[in-house]
Amino acid sequence: MKSSVLGASDGAATAVGNDAGYSGPGPEFGPWLEKASILIVDDEPGMRNFLVRTLGPRAKRVEEAADCEEATALLDQHHFDVVILDNIMPGKSGVEWLTEQREIGFFSDAILMTAYADLDTAIKALRAGAVDFVLKPFRSNQILNAVARCLDRMRLRRENHVLRHELRATSDHVLLRDKLIGYSPQVQEIRETIARVAPLPTSILISGQSGTGKEVTARSLHSLSDRAQKPFVPINCAAIPSEMIEAELFGHVKGAFTGAQSARDGLFMHAQGGTLFLDEVGELSLATQSKLLRAIESRRIRPVGSEREAPVDLRFIFATNADLEAEVEAGRFRADLFYRINVMHIEMPPLRERGDDVLELAELFMTKLSKQLGVRQVPMDGAVRAGLTRYDWPGNVRELRNLIERTLILGRFPDEFRDERADHGAQVEGDETLDEMERRHILAMLHKTNGNRNEAARRLGVSRKTIDRKCASWEQE
């Protein structure tokens, strides 16, 4: 019976060019197919040849196995997005093999090929974790559509998981997730560093106080890399309970622990091909640090309860607000892990050291949040601008964002952020115009600072370039 079915399939292989739904290697089967890795498991050479010729030109990687043992060995060596599996094979059926693999750690989607469309086989296949069926004999567009459905399902599942993870994370809804704002020398230097290292696979450690924009920098690195179209998965290590961190990172198989009613991919697998951002990495326990080190070095992970390691293709970015060198000396952070992740170091400056960046950020938050809240913007006069630049900002950009939101709700800036000294220039005379008043006020401040334009700009809450431009227009050289 099987040989006659395969004979029909081989006939389909010879008629690939005449398939009704086939129009060459275009995008009709989804853009993810060209990046996919596929394993074909079938004992018939003719069927394997047909599938390789159909999928090979369109997929990134196609491997074939003649039996279950060969397929198991390939799964131990490589990660496959989709496994196309024949059900009737000598020694062990495809459903039996799939059931065994799910128990020891198999997270790929499986398509079952069968010539017997009976209900019992369908039920067993679903229980074993098959996500699609292809009934023999079939044509090339049928298997291509089945693979495309699997890849779309996998993509949506991972995107949903990442989105749910981000929503659960301790998010302060910072509006600048993907853009580094400001023109201070420190930020300009960080931009130059990002441009140099983003295309490289190098691991990066970002340090700095809480709220200084470490995740913004990580997202910038990802968006400028060749992995920009793949997932960016941020993980706040301090927000996940220590007893759950390993399962969250590496995944688990069914029954690995109490409550594990089904197998689940970890965040490492959801970031496959993209960037994994581990924030507050200094909060990991020493046991988890050891497992993380092994994963970074071998690019392989072992889900909780699994007998098999799974290969991962990731770019690692780490962040911390702790002094990891001091943590190493205190024995709370592994020295080998520190040297492994600290290949390239980016130090994020506190907001108080970024000069006029605070004003640019404040204006951006004011514009965005006023639209978000549906309220009118609150003007930032000279007294407010001076107050913002003089404030120490212990909470950095996050504190500034919260201040602007509070200001919009109340309709005014708090008194402590008004530096009235900025309004105490020379007394306004008669019908003086706004331009004349501005000119007199700036010149008075320059007189107070003995001509020091940097200090005058700081006190006025404006940039040095503004002072230079105004003075040039007044011919004050």
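Residues numbered from 1 in each chain as written. Predicted model: local features only at pLDDT ≥ 70, side-chain atom pairs only at ≥ 80, totals over all residues. Heavy atoms only, no water.

Going by what an unreviewed UniProt entry lists, the protein chain is known as Fis family transcriptional regulator and is assigned to Thalassospira profundimaris.

Visitor: Got a minute to help me understand a nonpolar patch on the surface in this structure?
Guide: Among the surface-exposed residues, L373, V375, I409 and L410 lie close enough to one another that they form a single nonpolar patch of about 350 Å² accessible area. One can find L410 in helix α16 (residues 396-410). Overall, the relative accessible area of 55% leaves L410 in the exposed class. (Patch = residues over 30% accessible without salt bridge, like charges linked within 9 Å, V, L, I, M, F, W, Y side chains within 5 Å. Areas by Shrake-Rupley, 256 points an atom, 1.4 Å probe, with all protein chains shown as cover. Salt bridge = Lys/Arg side-chain N within 4 Å of Asp/Glu carboxyl O. Helix = DSSP H or I, 4+ residues; strand = E, 2+ residues; numbered from the N terminus. Buried < 20%, exposed > 50% of the residue type's maximum accessible area, 1.4 Å probe, protein only.)

Visitor: Please clarify how the UniProt feature "modified residue: 4-aspartylphosphate" (unreviewed entry) in the protein chain should be interpreted in this entry.
Guide: Sites flagged by UniProt as "modified residue: 4-aspartylphosphate" (unreviewed entry) map to D86. Within the secondary structure layout, D86 lies in strand β3 (residues 82-86). (UniProt positions renumbered as here; feature names shortened; annotations may be inferred.)

Visitor: Would you take a moment to explain the pattern of salt bridges for this structure?
Guide: Where charged atoms of side chains with opposite charge meet at close range, the side chains can pair. Tallying each qualifying case throughout the model produces 25 salt bridges. Close ionic contact of E363 with R385 constitutes a salt bridge, the shortest N to O distance being 3.0 Å. Taken together, the residues span a long stretch of sequence, with E363 in helix α14 (residues 357-373) and R385 in helix α15 (residues 382-390) at a distance of 22 residues. For the salt bridge of R401 with E405, the shortest nitrogen-to-oxygen distance reads 2.3 Å. Of this pair, R401 and E405 both sit in helix α16, four residues apart, which is roughly one turn of that helix. The exposure class of R401 is buried, given its relative accessible area of 6%.

Visitor: What's the story with unusual backbone geometry in this structure? I'm lost.
Guide: It is generally the case that most residues other than glycine have a negative phi and that most peptide bonds are trans. K136 connects to P137 through a cis peptide bond whose omega is -5 degrees. Residue N396 is not a glycine yet carries a positive backbone phi of 60 degrees. Relative to the helices and strands, N396 is located in helix α16.

Visitor: Would you mind going over the pairing of strand β10 (residues 275-279) with me for this structure?
Guide: The buried fraction of β10 amounts to five of the five residues, a majority that puts the element mostly inside the structure. Alternating residues of β10 divide into T275, F277 and D279 and L276 and L278, and every residue in both groups is buried. Where strand β7 (residues 232-236) and β10 come together, five bridges link them in parallel fashion. By the bridge assignment, P234 is partnered in β10 with F277. The pairing of β10 with strand β13 (residues 315-320) spans four bridges and is classified as parallel. Within the sheet, the bridge partner assigned to L276 lies in β13 and is F316. (Pairing = 2+ DSSP bridges.)

Visitor: Looking at this structure, I do not really get the packing of aromatic side chains. What am I missing?
Guide: Aromatic rings considered in pairs are described by the distance between their centres and by the relative angle of their planes. Inspection of the entire model under this criterion finds nine aromatic pairs. Seen in terms of ring centroids, F232 and F277 are 6.1 Å apart; in terms of plane orientation they differ by 25 degrees. Their pairing is stacked. Of the two residues, F232 is situated in strand β7 and F277 in strand β10; the sequence distance between them amounts to 45 residues. A relative accessible area of 9% places F232 in the buried class. Residue classification places F277 among the buried positions, given a relative accessible area of 0%. Here Y391 and W393 contribute two aromatic rings whose centre-to-centre distance is 4.6 Å and whose plane-to-plane angle is 85 degrees, an arrangement assigned as edge-to-face. Grouping aromatic residues by their ring pairs yields a cluster made of F250, F268, F316 and F318. In this structure, R191 packs its charged tip against the face of Y183, placed 5.3 Å from the ring centre. (Phe/Tyr/Trp six-rings, centres within 6.5 Å; stacked < 30°, edge-to-face > 60°. Lys NZ or Arg CZ within 6 Å of the ring centre and 35° of its normal.)

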